[in-house]
Amino acid sequence: MIEIEIDGQKVETRPGTTILAVARSVGVDIPTLCHHEALEPYGACRLCLVELSEAGRQSIVAACNYPLERSGLTVETDTPAVRQARKMSLQLLLARCPTVTVLQELAREWEVDPADLLIIGDGEEKCILCGLCVRVCREVIGKNVISFAYRGVERRVSTPFDRESDLCLGCTACAFVCPTGAIKVDEAKGRLLIAPWHSNLEQARCSSCGRPVAPVGMLAHLSEKLEQEPETGTLLCSRCRRLQAAAAAAALPEVRFVDRYRDYPGR
Ligand code: SF4
Ligand code: FES
């Protein structure tokens with residue numbers, strides 16, 4: 001174990017633990033936008049900057065991907081230098097994505113005036129290039145459907161050649177982790193559409209009501225992972241499953257409800 005100090009608190013931790021993990025374990029709040037506990041750190045948004053001191057030397061580092069290796073380090077999460085550095089990161093994100101709600105909320109909280117910014121592009125961009133979607137697709141789903149493409153102000157997340165990829169399952173994990181709402185998921189004529197990746201996927205239908213349940217490719221992927229035969233003919237949506245369970249319960253000869261509070265004092 002090593003011992004470090006964070007905002008005046010002495011903390012013991014295992015070598016290699018990130019500053020962010022240690023801070024959160026002792027209730028110290030550090031803002032993040034590109035971090036997810038289930039994914040490898042990437043260090044893109046720079047909102048988690050903190051001040052690190054060792055042997056009289058100070059530096060500003062990203063808490064999410066800085067592993068603590070030695071005892072004697074001191075971390076400060078709320079100094080003027082930290083606030084200034086985080087503000088600058090926020091200004092850069094806002095200059096690219098001025099209409100993103102989470103950035104606007106931080107701007108109000110940190111007193112950053114969006115009117116002072118030089119907006120890049122048409123001001124409609126929603127992707128802050130945090131890479132969460134890329135990482136969840138690669139690290140959790142194991143598919144690598146999307147990755148970063150182009151450079152500089154043109155940089156964005158895309159499928160290969162910006163075309164529909166036959167690897168996309170339609171799991172929508174990318175949209176789930178996206179902090180800005182940049183990934184739009186829709187349904188049209190029973191097909192699942194994921195706009196930025198041009199995915200247009202056939203969905204299996206509920207065998208009772210006919211509503212779309214889930215993309216065919218995703219059901220096949222799950223069956224493979226769970227080593228089960230794909231469902232054929234008996235696929236139910238969650239609503240029909242509930243209705244079927246309720247009908248089965250109603251058909252029981254006697255349903256007894258136990259009054260758990262019957263013998264409670266005062267009743
Ligand atoms: S689409 Fe969303 S999750 Fe993906 S990089 Fe952009 S902001 Fe992050
Ligand atoms: S959370 Fe650390 S750089 Fe984004």
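Residues numbered from 1 in each chain as written. Chains lettered and ligands numbered in written order. Predicted model: local features only at pLDDT ≥ 70, side-chain atom pairs only at ≥ 80, totals over all residues. Heavy atoms only, no water.

## Quick notes on the nonpolar core
Rules: Among the buried residues, those of types Ala, Val, Leu, Ile, Met, Phe, Trp, Tyr and Cys that are joined through side-chain atoms within 4.5 Å form a nonpolar core. When accessible area is computed with a 1.4 Å probe and restricted to protein chains, residues below 20% of their type maximum are described as buried, those above 50% as exposed, and intermediate ones as partly exposed. Put simply, DSSP marks the helices as runs of H or I at least four residues long and the strands as runs of E at least two long, and each gets a number from the N terminus on. Delimitation of the domains relies on an automatic or database domain assignment. Residue contacts are counted whenever heavy atoms from the two residues lie within 4.5 Å of one another.
Leu33, Leu47, Leu90, Leu93, Leu94, Leu103 and Ile128 are the most contacted members of the largest nonpolar core, which has 26 residues in total. Counting residues per element, the ones that place at least two in this core are helix H2 (80-96), helix H3 (101-109), helix H4 (132-141) and helix H5 (173-177). Of the residues that make up this core, three or more belong to each of domain 1 (2-116) and domain 2 (131-182). The residues touching leucine 94, leaving out its near neighbours within four places in the chain, are Leu103, Gln104, Ala107, Val112, Leu117 and Ile119.

## Some details on the packing of H2 against H3
This is how it is decided: Axis angles are defined between N-to-C directions and span 0 to 180 degrees, where every axis is a line fitted to C-alpha atoms and, for a helix, only to the segment in contact. Any angle that is under 35 degrees is reported as roughly parallel, and any over 145 degrees as roughly antiparallel; angles of 65 to 115 degrees are reported as roughly perpendicular and all others as oblique. By definition, any crossing whose near helix is turned counterclockwise from its far helix by less than a right angle is left-handed, and any crossing with a clockwise turn is right-handed. The classification used treats Ala, Val, Leu, Ile, Met, Phe, Trp, Tyr, Cys and Pro as nonpolar, Asp, Glu, Lys and Arg as charged, and all other residues, Gly among them, as polar.
At a minimum axis separation of 10 Å, H2 and H3 run at an interaxial angle of 140°. The angle between H2 and H3 falls in the class oblique. The hand of the H2/H3 crossing is left-handed. For the pair formed by H2 and H3, the contact residues are Leu90, Leu93 and Leu94 on the first element and Leu103, Gln104, Leu106 and Ala107 on the second. Per-class residue counts for the contact of H2 with H3 are six nonpolar, one polar and no charged.

## Description of the pairing of strand S2 (residues 9-13)
Going by this rule: When DSSP finds two or more bridges between two strands, those strands count as paired.
As paired strands, strand S1 (residues 2-6) and S2 are joined by five bridges and run antiparallel to one another. Of the residues in S2, the one forming a bridge with isoleucine 2 is threonine 13. The loop that links S1 with its antiparallel partner S2 comprises two residues; one of these, aspartate 7, has a positive phi angle of about 45°.

## Quick notes on the domain arrangement of the chain
Note the cut-off: In the sections that follow, a salt bridge refers to a side-chain nitrogen of Lys or Arg positioned within 4 Å of a carboxyl oxygen of Asp or Glu. Each polar contact in these results corresponds to two N or O atoms within 3.5 Å; when the atoms are within protein, one needs to be able to donate a hydrogen and the other to accept it, and residues that are neighboring in sequence are counted only if both atoms are side-chain atoms.
Assigned domains of the chain: these are domain 1 (2-116) and domain 2 (131-182). Centre-to-centre, using C-alpha coordinates, domain 1 lies 25 Å away from domain 2. Counting the contacts that link domain 1 with domain 2 gives zero salt bridges. Scanning the region where domain 1 abuts domain 2 turns up five residue pairs in polar contact (both at pLDDT 80 or more).

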